[in-house]
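Below are the chains, spelled out letter by letter.
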Amino acid sequence: MMFTMKKDTSFTYEQKNFDDCDFSQVNAAVIGGTNGLGRAISNAIASKGAKVEVVGRTFRDENSDIKFIKADLSSMKEAKKVVNQLDAENLTHLILTTGIIPNPKRQETDEGLEKDMAISYLSRYVILREIASKLGKNLPASSPKPRIFIMGFPGNNEVGTLEDLNFEKNYEAWKAHMSTVAGNESLVLDAKDRYPKLNVFGLNPGIVRTEIRNNYFGGGIMSSIIENVIGWFTYSPEQYAKNISPVLISPAIENRSGTMFNNKAEAILPSSGLTTDYVKQFLNVSNELIKKVGVTVPE
């Protein structure tokens with residue numbers, strides 16, 4: 001992967017140390033919070049007083065401060081339903097981290113969607129559109145705007161394969177995943193204007209040692225070797241969580257909806273190819289895809 005993210009020099013702020021942060025006023029839902037980076041963030045902020053709901057297939061922690069909601073987010077129908085199980089009206093934060101790396105051979109969900117596209121992007125699209133009008137409605141008027149953080153690789157100058165977003169004609173694993181990258185950045189760029197009562201941000205964690213690549217390498221010994229090598233040169237999930245968590249509650253980003261952050265919590269510039277018109281087209285195609293599986297969401 002070519003990492004070409006450029007820093008946004010128009011925005012600098014003093015980053016707090018994680019150990020000095022108080023998350024007791026945070027009520028967060030972490031979509032994909034049962035493994036990988038989502039799990040690390042969930043545990044980090046819960047350890048500092050946050051109330052946390054996590055959504056995923058398997059809960060791996062014994063933590064009374066974290067509520068588990070079981071869901072298969074490869075299904076658009078289930079992604080839509082899960083919004084009703086969240087404490088949406090009282091949430092201060094929504095963090096979308098669900099993701100996989102696609103298999104070398106195209107995999108399809110029960111709804112006929114390319115698997116990576118469904119899990120890593122379209123489920124987030126559905127949840128965001130479905131929850132936006134409900135998010136934080138019960139919070140005091142004096143509260144900061146509810147914050148949404150969308151994890152992917154924003155700022156990487158990926159625009160996706162818009163003419164075949166479900167990769168039914170010509171499947172390539174790398175192109176499929178880069179389309180989810182473009183989709184998630186498009187969500188941020190669209191939502192900053194679509195939802196003026198919310199603050200929406202992008203997170204680019206870079207490469208981190210997790211199990212996200214198991215779907216590509218098949219798990220087992222090969223996956224373990226690759227993740228061990230990655231771990232020599234990169235942050236652990238726990239280190240990344242401590243780097244990025246202070247941003248979640250920083251007052252400095254209150255009026256910076258649409259800003260994206262790298263793994264050092266530095267602001268980065270958006271992808272140049274994701275113009276307003278292109279983003280609109282990307283989301284229109286996405287909407288048509290979910291309609292094909294019988295799911296509609298608010299415009």
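Bear in mind the structure is a predicted one, so any value in this text is a computation, not a measurement.

Asks: Account for the packing of helix α3 (residues 115-131) against helix α4 (residues 173-194), with residues named and values stated.
Replies: Relative to each other, α3 and α4 sit at 10°, their axes nearing to 8 Å. Between α3 and α4, the angle is such that the two are roughly parallel. The handedness of the crossing between α3 and α4 comes out as left-handed. Of the residues in α4, those in contact with D116, M117, S120, Y121, R124, Y125, L128 and R129 of α3 are A176, H177, S179, T180, G183, N184, L187, D190, A191 and R194. Residue classes in the contact of α3 with α4 are distributed as seven nonpolar, six polar and five charged.

Asks: Kindly report on the pairing of strand β2 (residues 51-56), identifying the contributing residues and their values.
Replies: Within β2, five of the six residues are buried, which leaves the element mostly enclosed by the surrounding structure. As paired strands, strand β1 (residues 27-31) and β2 are joined by five bridges and run parallel to one another. Within β2, the position partnered with V30 by the bridge is V54. Handedness of the crossover is the feature at issue here: the chain leaves β1, passes through helix α1 (residues 36-47), returns alongside β2, and the resulting connection is right-handed.

Asks: Run through the nonpolar core, naming residues and quoting values.
Replies: Counting 55 residues, the largest nonpolar core has M76 and I148 as its most contacted members. Those elements that provide at least two residues to this core are β1, α2 (76-82), β4 (93-96), α3, β5 (147-151), α4 and α8 (276-292). Considering each element in turn, this core owes the most residues, nine residues, to α3. Formed by 32 residues, the second largest nonpolar core is a distinct cluster that contains Y13, F23, A50 and V54.

Asks: Residues and numbers for the pairing of β4, please.
Replies: A regular strand places its side chains so that they alternate between the two faces of the sheet. Alternating residues of β4 divide into H93 and I95 and L94 and L96, and every residue in both groups is buried. Relative to β4, β1 runs parallel, the two sharing four bridges. From the neighbouring strand, I31 faces β4, where its bridge partner is L96. As judged from the four bridges shared by β4 and β5, these two strands associate in the parallel manner. Residue L94 lies in a different strand from β5, and its bridge partner there is I148. Read from β4 through α3 to β5, the crossover connection turns out right-handed.

Asks: So what's going on with the sheet that holds β1? Residues and values would help.
Replies: The strands that make up a sheet are held in pairs by hydrogen bonds between backbone atoms, and each pair lies either parallel or antiparallel. Spatially, eight strands are ordered β3-β2-β1-β4-β5-β6-β7-β8 in an open sheet, and the strand pairing comes out mixed. The sheet terminates laterally at β3 (66-70) and β8 (267-268), the two strands that pair on one side only. Strand direction decides the pairing type here: β5 and strand β6 (residues 199-203), joined by five bridges, are parallel. Directly across from I148, in β6, lies its bridge partner V200. Here α1 sits on the sheet and contacts β1, β2, β3, β4 and β5; the angle it forms with β2, its principal contact strand, is near 165°.

Asks: Quick rundown of the packing of aromatic side chains? Include the residues and the values.
Replies: Under the defined criterion, the tally for this structure stands at ten aromatic pairs. Note on F149 and F201: the rings are 5.1 Å apart at their centroids and 25° apart in plane angle, and the pair reads as stacked. Taken together, the positions of F149 in strand β5 and F201 in strand β6 put the pair 52 residues apart, joining distant regions of the chain. The class of F201 is buried, set by a relative accessible area of 0%. Seen from their ring centres, F201 and F261 are 6.3 Å apart, and the 50° between their planes marks the pair as tilted. Of this pair, F201 sits in strand β6 while F261 sits in strand β7 (residues 260-261), and the two are 60 residues apart along the sequence.

Calculation notes
Residues numbered from 1 in each chain as written. Predicted model: local features only at pLDDT ≥ 70, side-chain atom pairs only at ≥ 80, totals over all residues. Heavy atoms only, no water. Axes fitted to C-alpha atoms, helices over the stretch in contact; angles between N-to-C directions. Helix = DSSP H or I, 4+ residues; strand = E, 2+ residues; numbered from the N terminus. Parallel < 35°, antiparallel > 145°, perpendicular 65-115°, else oblique. Left-handed = near helix turned anticlockwise from the far one by under 90°. Contact = heavy atoms within 4.5 Å. Nonpolar A, V, L, I, M, F, W, Y, C, P; charged D, E, K, R; others polar. Buried < 20%, exposed > 50% of the residue type's maximum accessible area, 1.4 Å probe, protein only. Pairing = 2+ DSSP bridges. Right-handed = clockwise from strand over helix to strand, strands pointing away. Core = buried A, V, L, I, M, F, W, Y, C linked by side-chain atoms within 4.5 Å. Phe/Tyr/Trp six-rings, centres within 6.5 Å; stacked < 30°, edge-to-face > 60°.

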